[in-house]
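Secondary and tertiary structure notes
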Amino acid sequence: MLPYGRQSIDDADVEAVVAALGSDWLTTGPRVAEFEADLEKVAGAPCVTVTNGTTALHAAYAAAGVTSGDEVITTPMTFVATASGAAMLGAKVIFADVEEDTANLDPAAVEAALTERTKVIAAVDYAGVPADYDRLRKLGESSGALLVGDAAHSIGSTYKGRPVGTLADLTTFSFFPTKNFTTGEGGAVASTRPELIKRLKSFRTVGVVREGLRHADEGAWWYEVPEFGLNYRLPDVLCALGSAQLRRLGEFKARRAYLSARYDELLADVPGLRLPAQRPDTDPMRHLYPVRILDGRRREVFDRLRAAGIGVQVNYIPVYWHPVFEDLGYRRGMCPVAEAFYAEELSLPLFADLSDADQDRVVETLRGILGS
Ligand SMILES: *Cc1c(COP(=O)(O)O)cnc(C)c1O
């Protein structure tokens, strides 16, 4: 089965991991700081690595101070972790609808959902296209809410010339194998605000701090836990892979751009199909190639492509359709634009090592099914 996404591992990646395995450090050694410095060059802001994109969101919401009684406004067109990280801290998740073309959080819908309890507005850069951060930031500033960007799809993208990582108060990344680059499992949170970086660092290290101690004169071994945290540390071995992969980020971006442009061209005249949105202000690192299958044929097209060995995917099931939200009283129909998008969405294979020949097979099979 041709996958919809997968990693690209070369000899330099393997060598970097082998070198880390033979070193004195398997976890929390020099490669963590090195990888965080390498990430900062791409993200434009200091980064704290964590174990995955889900724990990056949990850590970001914890650093933002999200707690019970707070409201977090987010999009339903995302992986469940964007919402569940806030819900697990006791927040009430408010789903605001998305823009019709990008499927990114609609600032007008966010504005309508703001209350005095809104603690965080959490956007997602769907498919790698940055959300409308200038408008979202204004809403955050006027309401006192922090802005979180779930950039699991968009590390390497820019918005109005600014890198993803500098656009929100807290920006989260995922390094899962299908994402723009990988550490196996892995993630990070970027922030331009030093006090948030400090909170992220203690949260991912079980709440431990070694500065600003309450009882400072106990001895050199002393540390304190002023707030609860979890062990979300990313091991040195995986950070070694991350730094090696980051050296290829430009190459990955160029290949994804080439393949996306090729899909645009080869699929332009196929009937019953709508191609993904472009935004003039953004230079996206294209994570997904999400087409829309019209005329109610999405399920049929999904099944027939899978039967032909083409591993298409649906991104995403509207988050509040999951039983955990259903049981809390969330009902279908809340975000009609997102639901209409979901009903037609199909992600075609897109990854750096996808060959032109495999892409041609995807195009020809889809063209055969849609009848042109
Ligand atoms: C992948 C992803 C996550 C979660 O990242 P993991 O590393 O798989 O835990 C969160 N949000 C979005 C939008 C994602 O695509």
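Residues numbered from 1 in each chain as written. Predicted model: local features only at pLDDT ≥ 70, side-chain atom pairs only at ≥ 80, totals over all residues. Heavy atoms only, no water.

1. Here's the deal with the packing of helix α10 (residues 298-307) against helix α13 (residues 356-370)
The test is simple: Angular values range over 0 to 180 degrees, each being the angle between N-to-C directions of two axes fitted as lines to C-alpha atoms, with helices fitted over their stretch in contact. Strands here mean DSSP runs of E at least two residues long; helices mean DSSP runs of H or I at least four residues long; both are numbered from the N terminus. Angle categories are assigned with fixed cut-offs, so that under 35 degrees is roughly parallel, over 145 is roughly antiparallel, 65 to 115 is roughly perpendicular, and the rest are oblique. Handedness of each helix crossing follows the sense of rotation of the near helix against the far helix: counterclockwise by less than a right angle gives left-handed, clockwise gives right-handed. Here, residues are in contact when the closest pair of their heavy atoms is within 4.5 Å. Only Asp, Glu, Lys and Arg are considered charged, only Ala, Val, Leu, Ile, Met, Phe, Trp, Tyr, Cys and Pro nonpolar, and every remaining residue, Gly among them, polar.
Interhelical geometry of α10 versus α13 gives an angle of 135° and a closest axis separation of 10 Å. On the basis of their axis angle, the class for α10 and α13 is oblique. In this structure, α10 meets α13 at a crossing whose hand is right-handed. Facing Glu300, Val301, Arg304 and Leu305 of α10, the residues of α13 in contact are Thr365, Leu366, Ile369 and Leu370. For the contact of α10 with α13, a count of residues per class yields five nonpolar, one polar and two charged.

2. As for the site of the ligand
How we decide: We call a residue near a given molecule or strand whenever any one of its heavy atoms falls within 4 Å of it. Nitrogen and oxygen atoms within 3.5 Å of one another constitute a polar contact, given that in protein one can donate a hydrogen and the other can accept it, and given that sequence-neighbouring residues count only through two side-chain atoms.
Around the ligand, the structure places 13 residues, and the nearest of them are Gly53, Thr54, Asp150, Ser174 and Lys179. Asp150 is positioned with one of its side-chain polar atoms (N or O) 2.7 Å from a nitrogen atom of the ligand. Residue contributions to the shell around the ligand peak at three residues, all from helix α3 (residues 53-63). Counted by class, the shell around the ligand contains four nonpolar, seven polar and two charged residues.

3. Details of the packing of aromatic side chains
The line we're drawing: When two rings of Phe, Tyr or Trp (its six-membered ring) have centres within 6.5 Å they constitute a pair, described as stacked for plane angles under 30 degrees, edge-to-face for angles over 60, and tilted for the intermediate range. When accessible area is computed with a 1.4 Å probe and restricted to protein chains, residues below 20% of their type maximum are described as buried, those above 50% as exposed, and intermediate ones as partly exposed. Charge-over-ring contacts are defined here by two conditions on Lys NZ or Arg CZ: a distance within 6 Å of the ring centre and an angle within 35 degrees of the ring normal.
If you walk through the whole model with that rule in mind, you get 13 aromatic pairs. Measuring from ring centre to ring centre gives 5.4 Å for Phe95 and Phe325, while their planes differ by 85°; the resulting arrangement is edge-to-face. Here the residue Phe95 occupies a position in strand β3 (residues 92-95), and Phe325 occupies one in helix α11 (residues 323-326), the gap between them amounting to 230 residues. Phe325 gets classed as buried once you look at its relative accessible area, which sits at 3%. Between Tyr126 and Tyr316 the ring centres are 6.4 Å apart and the planes differ by 75°, which places this aromatic pair in the edge-to-face class. You can see Tyr126 sitting in the loop between β4 (118-124) and α6 (133-143) and its partner Tyr316 sitting in the loop between α10 and α11, a full 190 residues away along the chain. The same class applies to Tyr126 as to Tyr316, namely buried. Its end group placed over the ring of Trp321, Arg332 keeps NZ or CZ at 3.8 Å from the ring centre.

4. Quick word on empty space enclosed by the protein
Selection rule: We place a 1 Å grid over just the protein atoms. Points where a 1.4 Å probe fits but has no way out form a cavity, open points with protein on both sides within 12 Å along at least 5 of 7 lines form a pocket, and any residue with an atom within 4 Å of a point lines it. Grid points are joined across faces, edges and corners, and a volume is the space filled by probe spheres set on the points. Source of the domain bounds: an automatic or database domain assignment.
Taken as a whole and assessed by the stated rule, the structure comprises two cavities of 30 Å³ or more. The volume enclosed by the largest cavity comes to roughly 60 Å³. In terms of lining, the largest cavity is formed by Arg6, Gln7, Ser8, Pro177, Lys179, Asn180, Phe181, Gln245, Phe252, Arg256 and Ala352. Its residues placed into classes, the lining of the largest cavity shows four nonpolar, four polar and three charged. Two domains each donate at least three residues to the lining of the largest cavity, and these are domain 1 (11-246) and domain 2 (249-370). There is about 30 Å³ of room inside the second largest cavity. Ser260, Asp264, Pro276, Ala277, Gln278, Arg286 and Tyr289 are the residues that line the second largest cavity.

5. Quick look at the UniProt feature "modified residue: N6-(pyridoxal phosphate)lysine" (unreviewed entry) in the chain
For clarity, the cut-off: UniProt positions are given in the numbering used here, feature names are shortened, and annotations may be inferred rather than shown by experiment.
Annotation from UniProt places "modified residue: N6-(pyridoxal phosphate)lysine" (unreviewed entry) at Lys179. As for its position among the elements, Lys179 is in the loop between β8 (170-174) and β9 (187-190). Setting aside chain neighbours within four positions, we find Lys179 in contact with Ala152, Ser174, Arg256 and His287.

6. Considerations on the pairing of β8
Counted only if it meets this: One requirement defines pairing of two strands: DSSP has to find at least two bridges between them.
The buried fraction of β8 is high, at five of five residues. Burial along β8 is two-sided: Leu170, Thr172 and Ser174 and Thr171 and Phe173, pointing in opposite directions, are all buried. The sheet contact formed by strand β5 (residues 146-150) and β8 spans three bridges and is parallel. Note on β8: the bridge partner recorded for Gly149 is Thr171. Sheet topology places β8 next to β9; four bridges connect them, and they run antiparallel.

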